[in-house]
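So you can see what is in the structure, the chains are spelled out below.
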Amino acid sequence: MNPAVPVSVLLAVLVGVAALASYGFAWYSWQRTGHPVSNRFAVLMAADGSWALFAFLELVSPTDAVALLWSAPLALAASLAAVFWFLFVVAYTGDSAWVPDVVAPLLVGEGVLYGVVYALNPGDLAYAAAGVARFGVLRVPYIDLGPLVLAQLLFIYALLVLTFVLLGRFFVVTRNLYRKQTGIIFAVTLLVALANVAFFVGLTPHPRLDLTPVFFVVQALGVGFALYRYDFLEVAPLATDVLLEEMGDPVFVIDVERTLVDWNEAASRYVPDVANPTLAAVANDDSMVWSAAIDGLDEVIVADESGTTVTDSEVTTTRRDGDALHSVTFDVRTTDITDRYGVVRGSVVVLRDVTERREREQVLESQNERLEEFTGIVSHDLRNPLQVIDGKLTLARETGDLSHLEDAADAVAQMEQLIDDLLRLASQGESIDEKRPVSLDACSRAAWDRLDTAGATLRAESELSVLADRDRLTQALENLFRNAVEHGGPEVTVTVGASQDGFYVADDGPGIPADERAEVFEFGRTHADDGTGIGLAIVDRIVEAHNWTIAVGESTQGGARFDVTPARTGLLHAD
């Protein structure tokens, strides 16, 4: 058996499969959506399918004369395939804006005119001679190229070069989803173009055999997969890129599986460098503890068959500025993406930066709260020592006993301490705009050195660092230490250490009864004779200003223990 026979049969089958595959994708694309890119891909596949079909009919023709009959329609289909490829690419890349509407009918008209002139071949303009070669069981028509065919080839290759330039530029300027698509489309179409070039330079199994139609299967599958696997055809890519990039707020595009399929530059700082990142990864990525994870983002967005809803409109994260981190509050909004059948295909998640608005609201709320607290303190806590002073001065005048003045002086000292505490409270409750890494051990020792601790002992047992305002953290620790010394006695031992979620301050004093722990941070609550009841309230305000939490419990020695829990992005354990 002639060894070319099985190869020729295989080639005929492959060309036939290419025709069927191209027509199949043409039908599918035409039904898939009304988007112009999909329509143009359908027309391109129809042209490719016709090219492959006429090539198949040439190869399996029963006679040479019949084989030559298919040359003219094949030439027409090949020219139109190049034209429709160009029109598809300019639509895909968004370059249709600079292509006048008249260009498309002119290019199609040129292709049709070429086919007619080729068929008529006046004055051997298209070809000087035609013949039929044999390869195995196949008939392979061929021509001696005339000036018309050579000019048409130059024109077609110029169109191909232009389309590859447009795809290459689009690959460079676009991102994420479209870059993957563009790379696939570029690669599979380049393979088809190289097969055609190989035919004209004689690098095929037979010098007269054009294998270009065989690779239409690769093009149909590759381009079709790139388009429909990523649901590109729901939105024009260039318009989407412009819309996303012009928005200064972070924008994420997610599919129904909550996988990120696109995002803009403002959102890129929050996307972890992993394959197929999800919304959960944006919210909980451990690699971004210091800078970017958006706690709870995946939890506030709830998805069901009808789309997505937001259960809590605000989430908080941090933003790095040099070595400082700033708290940022986002207002979360979602918009469902539906196809033309009304099926939800994904969602657009927009995070609007409302930090300044929320800070203004919090400052106003805090000011109102402090005003009420100050009013209560001034009307009650300052009135008591004033009454003591008035009474003792009256007694001193009436009796001449100056010892009453000592009691009045004690009341004055109590008022001075109360006023100092009020001034601290007025500043410590203000919101904190900038946080920096602060050593807990260093702050503890600085706070301890401010106090007259007599025989008391400090044990700083952690090398933990926290994101905080150093001065306010030192003030909070000072107040906790003062509270321990005042209630635990002059020889109390105070311990500062790391806990699982943050840090703690504990002592070995008498502790705080369980039924009184809920009210220790309230203003005016004190069990010391000379206390103002504001020291721990200041601690609570400082903790709140950092967006932390604080809880009261019992230490292992039976004393008081205060556990402080910073936000997840505000804690750093030493290496």
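In this text, all values refer to a predicted model and were calculated from it rather than measured experimentally.

### What about the sheet that holds strand 14 (residues 503–507)?
Pairing is mixed in the open sheet, where 5 strands are placed in the order 11-13-14-16-15. Two strands lie at the open edges of the sheet, namely strand 11 (457–460) and strand 15 (549–554), each paired on one side alone. The mean angle between the axes of side-by-side strands here comes to 15 degrees, regardless of whether they run parallel or antiparallel. As paired elements, strand 13 (residues 493–498) and strand 14 share 5 bridges and run antiparallel to each other.

### A few points about the side chain of Thr493
As for its position among the elements, Thr493 is in strand 13. Given a relative accessible area of 16%, Thr493 falls into the buried group. Setting aside its immediate chain neighbours within four residues, Thr493 contacts Thr457, Arg459, Ala506, Asp507 and Asp508.

### Some points on the pattern of salt bridges
According to the stated counting rule, one finds 13 salt bridges in the structure shown. Put simply, Arg357 and Glu361 hold a salt bridge, and the shortest N to O gap is 3.8 Å. Of the two residues, Arg357 and Glu361 are both situated in helix 13 (residues 355–380); the distance of 4 residues between them amounts to about one turn of the helix. Residue Glu361 is classed as partly exposed on the basis of its relative accessible area of 31%. Taking the shortest distance from any N to any O, the salt bridge between Glu478 and Arg482 comes out at 2.9 Å. With Glu478 and Arg482 both in helix 17 (residues 470–488), this residue pair falls 4 residues apart, about one helical turn. Under the relative-accessibility criterion, Arg482 is labelled partly exposed at 25%. Overlapping salt bridges bring together Asp331, Arg333 and Arg352 as one network.

### Description of the confidence of the model for the protein chain
Put simply, the protein chain has an average pLDDT of 81, and 80% of its residues get 70 or more. The secondary-structure element of the protein chain with the lowest mean pLDDT is helix 9 (residues 237–246), recorded at 54, while helix 5 (residues 103–120) shows the highest, at 95. Every residue in residues 232–239 is under pLDDT 50, and counting partners more than four places away or in other chains gives 24 contacts. With pLDDT under 50 throughout, residues 287–291 is counted as low confidence; its partners more than four residues away or in other chains account for 19 contacts.

### Looking at the nonpolar core
By size, the foremost hydrophobic cluster in this structure holds 61 residues, and its most contacted members are Phe41, Trp85, Phe88, Ile185 and Leu227. For Phe88, the contacting residues outside a window of four places in its chain are Val37, Arg40, Phe41, Leu44, Ile185, Val223 and Leu227. Listed in part, the 38 residues of the second largest apolar core include Leu458, Phe481, Val492 and Ile550.

About the criteria used
- Residues numbered from 1 in each chain as written.
- Predicted model: local features only at pLDDT ≥ 70, side-chain atom pairs only at ≥ 80, totals over all residues.
- Heavy atoms only, no water.
- Pairing = 2+ DSSP bridges.
- Helix = DSSP H or I, 4+ residues; strand = E, 2+ residues; numbered from the N terminus.
- Axes fitted to C-alpha atoms, helices over the stretch in contact; angles between N-to-C directions.
- Buried < 20%, exposed > 50% of the residue type's maximum accessible area, 1.4 Å probe, protein only.
- Contact = heavy atoms within 4.5 Å.
- Salt bridge = Lys/Arg side-chain N within 4 Å of Asp/Glu carboxyl O.
- pLDDT = per-residue confidence, 0-100.
- Core = buried A, V, L, I, M, F, W, Y, C linked by side-chain atoms within 4.5 Å.

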